[in-house]
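Breakdown of the fold
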Amino acid sequence: MNTQVPPENTAGDGWSERLFGGFRKTSERLSGNLSGIVGKTRLDDEQLDHLEDALIMSDLGPRAAARIRARLAEERFERDADERAIMEVVAREIAEILRPVAKPLDIIAFPRPQVILVIGVNGSGKTTTIAKLAHLFQEQDYSVMLAAGDTFRAAAIGQLGVWAERVGVPIVRGPEGGDPASIVFDAVKAATDQGIDALIVDTAGRLQNKRELMDELAKIRRVLGRLNPAAPHDVVLVLDATNGQNALSQIEVFKEVAGVSGLIMTKLDGTARGGVLVAAAEQYGLPIHAIGVGERIDDLRPFDPDLLARVIAGIA
């Protein structure tokens with residue numbers, strides 16, 4: 001696997017600017033799909049059908065699209081409904097969908113460490129996201145340790161080691177093909193002894209054999225339970241937004257095999273697939289702890305649902 005790491009942050013390039021850039025194509029796509037729709041003070045069924053189709057084509061998903069359609073059907077516009085007025089309603093409803101799930105990943109475990117299992121298919125940006133999450137915790141003055149529990153691929157171990165050195169955090173790892181549960185056991189003991197606040201565990205990303213992955217994660221849970229009955233405190237699924245609706249099927253599978261407790265969505269960096277964030281929120285209601293909108297170490301952040309809704313709608 002490529003072990004390149006993102007460039008350092010550039011002064012003056014803030015989170016808000018990257019958020020706008022990351023969702024620009026999403027908002028352009030949505031605006032393009034909705035262009036030309038104008039109505040009187042109420043939209044008729046044909047216009048509402050067209051709007052619903054446009055929302056689905058923008059990756060917001062059928063459930064969110066149906067919800068927004070129903071909201072628009074109730075709306076009585078003060079003047080003729082133009083694109084801006086319609087998008088204001090769309091933004092308000094997207095915000096309603098996102099508010100309940102916009103939940104930062106808080107470090108609250110006692111006793112420490114808080115153990116966070118990070119899961120996701122290979123290629124989703126899982127390992128890189130772990131490093132960015134570690135950096136985010138460091139910014140909040142938490143101490144962090146990494147555990148290389150994805151022993152299936154030597155490249156995964158190596159990449160996590162590169163990131164641990166780059167971010168400046170300790171890492172517990174073993175040989176390729178080693179027992180992940182044993183590595184996690186050693187990591188929890190080390191983190192406990194050193195007074196670490198957050199232990200972030202990389203896990204295997206293969207789904208070819210769901211039963212094998214389920215058994216491996218169950219073993220990790222058993223080992224954790226012997227050291228800290230509350231662990232793992234979080235099971236976070238990393239999703240690649242460029243996969244669009246395919247990302248939703250990953251939520252379904254990983255909920256079954258791993259008991260996902262929250263999501264992080266990455267690669268919201270200019271593709272037209274950002275609407276899938278709304279689809280995931282509406283369909284599954286799982287906490288979305290953070291989103292990644294670029295390649296820098298500090299591009300992973302919790303999000304403001306109201307601002308993000310307006311960015312997606314292109315009216316921020």
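Right, let's walk through the structure included here. Quick caveat: nothing in here was measured; it's all calculated off a predicted structure.

Cut-offs and rules
- Residues numbered from 1 in each chain as written.
- Predicted model: local features only at pLDDT ≥ 70, side-chain atom pairs only at ≥ 80, totals over all residues.
- Heavy atoms only, no water.
- Helix = DSSP H or I, 4+ residues; strand = E, 2+ residues; numbered from the N terminus.
- Rg over C-alpha atoms; globule rule 2.2 N^0.38 Å.
- Buried < 20%, exposed > 50% of the residue type's maximum accessible area, 1.4 Å probe, protein only.
- Contact = heavy atoms within 4.5 Å.
- 1 Å grid on protein atoms, 1.4 Å probe; cavity = no way out; pocket = protein on both sides within 12 Å on 5 of 7 lines; lining within 4 Å.
- Points joined across faces, edges and corners; volume = space filled by probe spheres on them.
- Nonpolar A, V, L, I, M, F, W, Y, C, P; charged D, E, K, R; others polar.
- Salt bridge = Lys/Arg side-chain N within 4 Å of Asp/Glu carboxyl O.
- Pairing = 2+ DSSP bridges.
- Axes fitted to C-alpha atoms, helices over the stretch in contact; angles between N-to-C directions.
- Core = buried A, V, L, I, M, F, W, Y, C linked by side-chain atoms within 4.5 Å.
- Right-handed = clockwise from strand over helix to strand, strands pointing away.
- Parallel < 35°, antiparallel > 145°, perpendicular 65-115°, else oblique.
- Left-handed = near helix turned anticlockwise from the far one by under 90°.

**Description of the overall build of the protein**
On a plain count of helices and strands, the protein comes out with 12 helices and 8 strands. Scaling as 2.2 N^0.38, a compact globule of 316 residues should have a C-alpha radius of gyration of about 20 Å, and the protein matches this with 21 Å. Its C-alpha atoms give the protein principal-axis dimensions of roughly 65 × 45 × 35 Å. Sorting the 316 residues of the protein into buried and exposed places 55% on the buried side. Long-range contacts, defined here as pairs at least 24 residues apart, represent 78% of the contacts in the protein between residues at least 6 apart.

**A word on empty space enclosed by the protein**
Tallied over the full model, the rule gives 1 cavity of 30 Å³ or more. Of all elements in the fold, only helix H4 (62-74) and helix H11 (276-284) reach the threshold of two or more residues within the lining of the largest cavity. The class makeup of the residues in the lining of the largest cavity is 5 nonpolar, 2 polar and 2 charged.

**Quick notes on the pattern of salt bridges**
Side chains bearing opposite charge may pair, as long as their charged atoms lie close to each other. Applying the stated rule across the entire model yields 23 salt bridges. The salt bridge involving Arg 24 is made with Glu 28; its shortest N-O contact spans 3.3 Å. You can see Arg 24 and its partner Glu 28 sitting in helix H2 (residues 24-34), 4 residues apart, about one turn around the helix. Of the charged contacts in the structure, one is a salt bridge between Lys 219 and Asp 179, with a shortest N-O distance of 3.2 Å. Taken together, the residues Lys 219 in helix H9 (residues 210-227) and Asp 179 in the loop between strand S3 (171-172) and helix H8 (180-194) connect sequence positions 40 residues apart. The partly exposed category is assigned to Lys 219, whose relative accessible area is 35%. On the accessibility criterion, Asp 179 (34% relative accessible area) is partly exposed.

**A word on the sheet that holds strand S8 (residues 300-301)**
Judged by pairing direction, the sheet is mixed, and its 8 strands sit side by side in the order S3-S2-S4-S1-S5-S6-S7-S8 without closing on themselves. In this open sheet, the two strands that pair with only one neighbour each are S3 and S8. Of the pairings in the sheet, the one linking strand S6 (residues 262-266) to strand S7 (residues 288-292) comprises 3 bridges and is parallel in character. Opposite Leu 263, over in S7, you have Ile 288 as the bridge partner. Where H11 meets the sheet, its contacts fall on S6 and S7, and the angle it forms with S6 comes to roughly 170°.

**Things to note about the side chain of Thr 129**
Residue position: Thr 129 is located in helix H6 (residues 126-139). When near neighbours in sequence (up to four residues on either side) are disregarded, Thr 129 contacts Val 238, Ile 264, Thr 266 and Leu 300.

**With respect to unusual backbone geometry**
Outside of glycine, negative phi angles account for most residues, and trans bonds account for most peptide bonds. The step from Arg 112 to Pro 113 runs through a cis peptide bond, and the omega angle for that step is 5°. Within the secondary structure, Pro 113 sits in the loop between helix H5 (83-98) and strand S1 (114-119). With an omega dihedral of -5°, the bond running from Ala 231 to Pro 232 counts as a cis peptide bond. Along the chain, Pro 232 falls in the loop between H9 and strand S5 (234-240). Even without being glycine, Asp 59 reaches a positive phi, approximately 70°. Structurally, the position occupied by Asp 59 is in the loop between helix H3 (45-57) and H4. The exposure class of Asp 59 is buried, given its relative accessible area of 4%. One non-glycine residue with positive phi stands out, namely Asp 141, at about 70°. Topologically, Asp 141 is positioned in the loop between H6 and strand S2 (144-148). The exposure class of Asp 141 is exposed, given its relative accessible area of 69%.

**Focus: the nonpolar core**
Counting 85 residues, the largest nonpolar core has Phe 23, Leu 72 and Ile 291 as the members making the most contacts within it. Discounting chain neighbours no more than four positions away, the residues touching Phe 23 are Leu 268, Gly 274, Leu 277, Ile 291, Val 293, Leu 308, Val 311 and Ile 312. Core analysis: the next-biggest nonpolar cluster, separate from the first, contains 27 residues, Leu 160, Trp 163, Val 238 and Leu 300 among them.

**A closer look at the pairing of S7**
Counting buried positions over the 5 residues of S7 gives 5, a clear majority of the element. Where the polypeptide runs from S6 across H11 and back to S7, its parallel neighbour, the crossover connection is right-handed. Relative to S8, S7 is paired through 2 bridges, and the arrangement is antiparallel. Bridge pairing in S8 places Gly 292 opposite Leu 300.

**Quick word on the packing of H8 against H9**
The interhelical angle for the contact between H8 and H9, taken along N-to-C directions, is 25°, at an axis separation of 9 Å. Classified by the angle their axes make, H8 and H9 are roughly parallel. Crossing hand, H8 versus H9: right-handed. Two secondary-structure elements touch here, H8 through Pro 180, Ala 181, Val 184, Phe 185, Val 188 and Lys 189 and H9 through Glu 216, Lys 219, Ile 220, Val 223, Leu 224 and Leu 227. Classifying every residue of the contact of H8 with H9 by side-chain character gives 9 nonpolar, no polar and 3 charged.

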